[in-house]
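# Survey of secondary and tertiary structure
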Amino acid sequence: MSTRLRPYPEYRDSGIDWLGRIPAHWDVVRNGRLFAERNETGFPDLPILEVSLRTGVRVRDMEGGRKQQMADRAKYKRAVHGDIAYNIMRMWQGAVGVAPCDGLISPAYVVARPQDGVDPRFYAHLFRTTAYMREVDFASRGIVPDRNRLYWQYFKPLLSPRPPPDEQRRIAHFLDAYTTQMQRLVAAKRRTVAILDEQRAQIIEAVLTKHDISSGIEMMLKRALHDIVGGSTPSPNTDFWGGDIIWVTPPDISASNRLSDSRRKLTEAGLRNCAASIVPPGSVILTTRAPVGNIAIADVALATNQGCKALVPDRSKISTEFLALAISRLVPEMRVLATGTTFQEIAGSRLGAMKIRVPAPNIQKSMLDAVREETKPLDVAKERIGTEINLILEYRDSLIAAVVMGQLDVREARLPAGEVVNVPPAEPLGDEEMEDELEPID
């Protein structure tokens, strides 16, 4: 696909700070002129739909450990194929998408029926841009900040750009095709990372066997730690985000073995708003759900969300690096012990009760030296691929924003021959199983 895109030939001021200049032939209208609320119940035989930060709206998987007891389905709202549905508490994070089929949505979600001449795919892309999600945050209301919700009456007056119908469709086709290409490219790179991780695990096992780790003292994991620290997420208040506090989530850990930065950061107020705590450098950060078992070492003080746990080593017993190595050998067992309906998770109590062997400090050092020597090429390759994935997705996000806000003209852009269109918006950086499945608010 050619990405040599140019601005439109003529612009005008939109009158909206966050939108800026728009193509001269575009309009700006309130969402109430683009969508009508759909509030239809009494269709219990339709499939259940869910909203995901990664894939928008999709049919809920009711098999394989994800089955859960549903409330009275007769009270669930009907979403018709092509409707927009969003999570009222998490649309500020991009929890919005297009219904892929007729289905049922939690009664606490909003279903918006597109008016004639409105392509919902264009608006799904728009609603997931950073600028629009910030407007959603401003418009959400609640008794306290962490209970803010974007009800229909707050969504309806929000302003959105309105290109002509044919142009909406063209933009949606372009972005869907582009997104599909990026998904395939990133998926291929993640498969390479998975192969590197498998090779690294094999090398580690061989090194530990050679050095006879069985000579170490067996103990419960928690006995080798000062603490196991969980994480949390602040509410959608702009005062809580964009600060200097590194706030790690599972996608951050999947991209690197060492942590010195994060995609999103908290303010001091944001940290106080949630149950997250700062953990010291040298802590081992483990993803304990969606997915279970990604590991990285904190090079700086940081906090995490609820998808991670920080293991603070007792350095009189175990070094940070050896703890990370020992934890990596427990991952298969962790995944067996993990439980859950929407996603698998291992509880802190089960994690702390797992057994590890801790050799004497000099033996730990010799093992680590051997592992570093053997795995260095793999670690360098993984770091490079993680950087590439970040760059690809950053470019993708900036291109989507530029197109839906009228900064780039795709009317004459060439689409790849035979490319699949009408796919959901691409996932943010993270594992295929990243923590983003949103429970219905019953």
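Use the structure listed above.
Let me sum up the structure you'll find in this document. Note that the structure is predicted; figures quoted are calculated from it, not measured.

### Some remarks on the pattern of salt bridges
Side-chain pairing between opposite charges can occur once the charged atoms of the two side chains come close. A full pass over the atoms with the stated rule returns 22 salt bridges. With a closest N to O distance of 2.6 Å, R38 and D83 form a salt bridge. Remark: D83 occurs in the loop between strand 7 (77–79) and strand 8 (84–86) and R38 occurs in the loop between strand 4 (35–37) and strand 5 (49–52); sequence separation between them is 45 residues. Owing to a relative accessible area of 2%, D83 belongs among the buried residues under this scheme. The shortest N-O distance in the salt bridge between E205 and R329 comes to 2.6 Å. Residue E205 is found in helix 5 (residues 165–210), and its partner R329 is found in helix 8 (residues 320–337); the two are separated by 124 residues along the sequence. Judged by its relative accessible area of 33%, E205 falls in the partly exposed class. Note on R329: relative accessible area 34%, which makes it partly exposed. Each of R38, E40, R78 and D83 takes part in a single network of salt bridges with overlapping partners.

### Re the sheet that holds strand 18 (residues 284–288)
As summarised here, the arrangement of the five strands in space is 14-21-18-19-16, forming an open sheet in which the pairing is mixed. Looking at the sheet topology across the chains shown, the edges are occupied by strand 14 (225–230) and strand 16 (258–259). Bridging between strand 16 and strand 19 (residues 292–298) involves two bridges; their strand directions are parallel. Bridge assignment links R258 to a residue of strand 19, and that residue is I297. Packing of helix 8 onto the sheet brings it into contact with strand 14, strand 16, strand 18, strand 19 and strand 21 (308–313), and relative to strand 19 it is tilted by some 170°.

### Section: helix 10 (residues 361–404)
Along helix 10, the sharpest kink reaches roughly 60°, centred on T375 and followed within four residues by the proline P377. Of the residues flanking the end of helix 10, it is G406, one or two places downstream, whose phi is positive at about 80°.

### Focus: the packing of helix 5 against helix 10
With their axes 10 Å apart at the nearest point, helix 5 and helix 10 run at an angle of 170° to one another. It follows from the interaxial angle that helix 5 and helix 10 lie roughly antiparallel. Looking at the contact of helix 5 with helix 10, its residues break down into 27 nonpolar, four polar and nine charged.

Reading guide: rules and limits
- Residues numbered from 1 in each chain as written.
- Predicted model: local features only at pLDDT ≥ 70, side-chain atom pairs only at ≥ 80, totals over all residues.
- Heavy atoms only, no water.
- Salt bridge = Lys/Arg side-chain N within 4 Å of Asp/Glu carboxyl O.
- Helix = DSSP H or I, 4+ residues; strand = E, 2+ residues; numbered from the N terminus.
- Buried < 20%, exposed > 50% of the residue type's maximum accessible area, 1.4 Å probe, protein only.
- Pairing = 2+ DSSP bridges.
- Contact = heavy atoms within 4.5 Å.
- Axes fitted to C-alpha atoms, helices over the stretch in contact; angles between N-to-C directions.
- Bend = angle between axes of the 7 residues up to and from the residue.
- Parallel < 35°, antiparallel > 145°, perpendicular 65-115°, else oblique.
- Nonpolar A, V, L, I, M, F, W, Y, C, P; charged D, E, K, R; others polar.

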